[in-house]
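Understanding the architecture of this molecule
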Amino acid sequence: MNVYQLKEELIEYAKSIGVDKIGFTTADTFDSLKDRLILQESLGYLSGFEEPDIEKRVTPKLLLPKAKSIVAIALAYPSRMKDAPRSTRTERRGIFCRASWGKDYHDVLREKLDLLEDFLKSKHEDIRTKSMVDTGELSDRAVAERAGIGFSAKNCMITTPEYGSYVYLAEMITNIPFEPDVPIEDMCGSCTKCLDACPTGALVNPGQLNAQRCISFLTQTKGFLPDEFRTKIGNRLYGCDTCQTVCPLNKGKDFHLHPEMEPDPEIAKPLLKPLLTISNREFKEKFGHVSGSWRGKKPIQRNAILALAHFKDASALPELTELMHKDPRPVIRGTAAWAIGKIGDPAYAEELEKALEKEKDEEAKLEIEKGIELLKASGMTKQGLS
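Treat the numbers as computed from the prediction; the structure is a model and nothing was measured.

Quick look at the overall build of the chain
- When helices and strands are tallied, the chain shows 17 helices and ten strands.
- Taking 386 residues into account, the globule formula puts the C-alpha radius of gyration at 21 Å, and the chain, at 24 Å, falls close to it.
- Overall, the chain is about 80 × 40 × 40 Å in size when its C-alpha atoms are taken along their principal axes.
- By residue count, 52% of the 386 residues in the chain fall in the buried class.

Details of the layout of surface pockets
- Each pocket or cavity is described by its volume, and for the second largest pocket that value is around 200 Å³.
- Lining the second largest pocket are 13 residues, and of these Ile 95, Phe 96, Cys 97, Arg 98 and Asp 241 lie nearest its centre.

Quick word on the UniProt feature "binding site: [4Fe-4S] cluster 2" (unreviewed entry) in the chain
- Here, UniProt's "binding site: [4Fe-4S] cluster 2" (unreviewed entry) annotation points to Cys 198, Cys 214, Cys 240 and Cys 243. What stands out for the annotated residues spanning 46 residues is how close their C-alpha atoms remain, the widest pair being 10.5 Å apart. Here the residues from the annotation list that line the second largest pocket are Cys 240.
- With respect to the element layout, Cys 198 can be found in the loop between helix 6 (193-197) and strand 8 (203-205).
- Residue class for Cys 198 comes out buried when judged on its relative accessible area of 17%.
- Beyond its immediate chain neighbours, meaning those up to four positions away, Cys 240 contacts Cys 97, Ile 215 and Ser 216.

Examining the UniProt feature "binding site: tRNA" (unreviewed entry) in the chain
- The residues that UniProt annotates with the feature "binding site: tRNA" (unreviewed entry) are Gln 220, Lys 222, Asn 280, Arg 281, Arg 295, Lys 297 and Lys 298.
- On the accessibility criterion, Lys 222 (38% relative accessible area) is partly exposed.
- In this structure, Lys 222 is in contact with Arg 295, Lys 298, Pro 299, Arg 302 and Val 331, ignoring residues within four places of it in sequence.
- Within polar-contact distance, the side chain of Lys 222 engages the backbone oxygen of Arg 295 at 3.5 Å.
- Structurally, the position occupied by Arg 295 is in the loop between helix 12 (280-287) and helix 13 (297-311).
- Not counting residues up to four positions away in its chain, the partners in contact with Arg 295 are Phe 49, Gln 220, Thr 221 and Lys 222.
- In this structure the side chain of Arg 295 is engaged in a polar contact, spanning 2.8 Å, whose partner is the backbone oxygen of Gln 220.

Here's the deal with helix 2 (residues 31-43)
- For helix 2, spanning 13 residues, the distance from its first C-alpha to its last is 19 Å, which sits close to the expected 18 Å at 1.5 Å a residue.
- Among all positions of helix 2, only Leu 33, Leu 37 and Gln 40 are buried. When helix 2 is viewed along its axis, its buried side chains cluster within an angular range of 65° and face the same direction. In helix 2, the exposed positions that point more than 90 degrees away from the buried face belong to Asp 31, Ser 32, Asp 35 and Ser 42.
- A positive phi of about 75° marks Gly 44, the residue just after helix 2.

Focus on the sheet that holds strand 7 (residues 167-174)
- Strand order in the open sheet formed by four strands is 1-2-7-4, with antiparallel pairing between adjacent strands. Both outer strands of the open sheet, strand 1 (21-26) and strand 4 (129-132), are each paired with one neighbouring strand and no more. Sheet twist, expressed as the mean angle between neighbouring strand axes with direction ignored, is 20°.
- In this fold helix 4 (residues 105-121) packs onto strand 2 (69-76), strand 4 and strand 7, with an angle of close to 30° to the strand it touches most, strand 7.

Focus: helix 13
- The terminal C-alpha atoms of helix 13 lie 21 Å apart, and with 15 residues this matches the ideal 21 Å at 1.5 Å per residue to within 8%.
- Most of helix 13 sits out of view: twelve of its 15 residues are buried.
- Among the residues making up helix 13, those that are buried are Lys 297, Pro 299, Ile 300, Gln 301, Arg 302, Asn 303, Ala 304, Ile 305, Leu 306, Ala 307, Leu 308 and Ala 309.
- Where helix 13 ends, the next residue or the one after it, Lys 312, has phi of about 50°, a positive value.

Remarks on the packing of aromatic side chains
- One pass over the structure, following the stated rule, counts eleven aromatic pairs.
- Ring centres of Phe 49 and Phe 217 lie 5.5 Å apart, and the angle between their planes is 55°; this geometry places the pair in the tilted category. Here Phe 49, found in the loop between helix 2 and helix 3 (54-58), pairs with Phe 217, found in helix 7 (residues 215-218); they are 168 residues apart in sequence, far enough to count as distant.
- Residue classification places Phe 49 among the partly exposed positions, given a relative accessible area of 36%.
- With a relative accessible area of 11%, Phe 217 lands in the buried category.
- Three or more aromatic residues link up through ring pairs in this structure, and these residues are Tyr 77, Tyr 105, Tyr 166 and Tyr 168.
- Cation over ring: Arg 146 sits above Phe 30, and NZ or CZ is 3.7 Å from the ring centre.

Side note on the nonpolar core
- Counting 51 residues, the largest nonpolar core has Phe 287, Ile 305, Leu 320 and Leu 352 as the members making the most contacts within it.
- Each residue touching Phe 287, except ones within four places of it in the same chain, is listed here: Phe 96, Ile 267, Pro 270, Leu 275, Ile 278 and Ser 293.
- Grouped together as the second largest cluster of nonpolar side chains are 28 residues, Leu 6, Leu 10, Leu 120 and Met 261 included.

Rules and cut-offs
- Residues numbered from 1 in each chain as written.
- Predicted model: local features only at pLDDT ≥ 70, side-chain atom pairs only at ≥ 80, totals over all residues.
- Heavy atoms only, no water.
- Helix = DSSP H or I, 4+ residues; strand = E, 2+ residues; numbered from the N terminus.
- Rg over C-alpha atoms; globule rule 2.2 N^0.38 Å.
- Buried < 20%, exposed > 50% of the residue type's maximum accessible area, 1.4 Å probe, protein only.
- 1 Å grid on protein atoms, 1.4 Å probe; cavity = no way out; pocket = protein on both sides within 12 Å on 5 of 7 lines; lining within 4 Å.
- Points joined across faces, edges and corners; volume = space filled by probe spheres on them.
- UniProt positions renumbered as here; feature names shortened; annotations may be inferred.
- Contact = heavy atoms within 4.5 Å.
- Polar contact = N/O pair within 3.5 Å; in protein donor to acceptor, adjacent residues only side chain to side chain.
- Expected span 1.5 Å × (residues − 1).
- Arc of directions from axis to C-beta.
- Pairing = 2+ DSSP bridges.
- Axes fitted to C-alpha atoms, helices over the stretch in contact; angles between N-to-C directions.
- Phe/Tyr/Trp six-rings, centres within 6.5 Å; stacked < 30°, edge-to-face > 60°.
- Lys NZ or Arg CZ within 6 Å of the ring centre and 35° of its normal.
- Core = buried A, V, L, I, M, F, W, Y, C linked by side-chain atoms within 4.5 Å.

Given below as structure tokens:
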């Protein structure tokens, strides 16, 4: 088997099936990543969504016996939405991050990896592979960086010269000893725009993220959102793009190369109020094909409630009141009560008091009390201004 020729053939085949970038690296242990992960874990900066076994995250040979190299791929996704609908005073909208526009990228990249695996295995019966997208053991970003796909920027995103950081990543471990590519030089320079713009200070240092403070992570949690983040989430329903949109290296980067990645504006930027009462079936039918649906409807509904509070949308008060009184989930009842207080209409004080009287869940009770205090503070502020 001519490995050099096979690499060239694989590169050409990857282009023919719509892979925008392909790179190669060794299956050596990711030693510097291991040190970084141990530090992140000790600081409590990990999200908890990662593979818990650090050895598996940094040792490809634990995942595929006789692994010799890793093939990294990247697909560019759009950064701008055509015909994006606008929020109005009575029809406010939320937003899904760009990585959740169009068809779930896990499925898109998995299809590409399957084709690449089949292509290699058709060349020789002894070829072995193991592929992964996002939820696998390896760090997609660490592999992509070492394979020359892009460099790891200060915002912790892999940034490519061609497409900026608007790329999905995946990789395939193989027992073929492909010649490794050369990593790309860091292009951030002295710029710190991403660190300065991060809404929660989650980027604690260049290249160091406290995932527990990252809005992208927080939007995926299922419990009550900590108070300090509620006014910072804005109208985000899933994910956060701030550290990408402020990056000078992303300026003018907008690629529409894959029809399946094009956003449906009514899904990527949906009306908020209908989300409050959407059924499980309706949610799955409308949002089930996007990556932002993976945690189910509860986090999205909670975030929609917080977005309505952010907009101080008084037209949503009847729906929020209904949720506060009747929703079976304490997180939704309590968040709705907090939002009612935040919106600040004194006509709803009695509804909050009634909810507090009958609420059995201690956490939800606390949220109703917060709502009552917010309403009182709002009333005092209005009196002071009049």
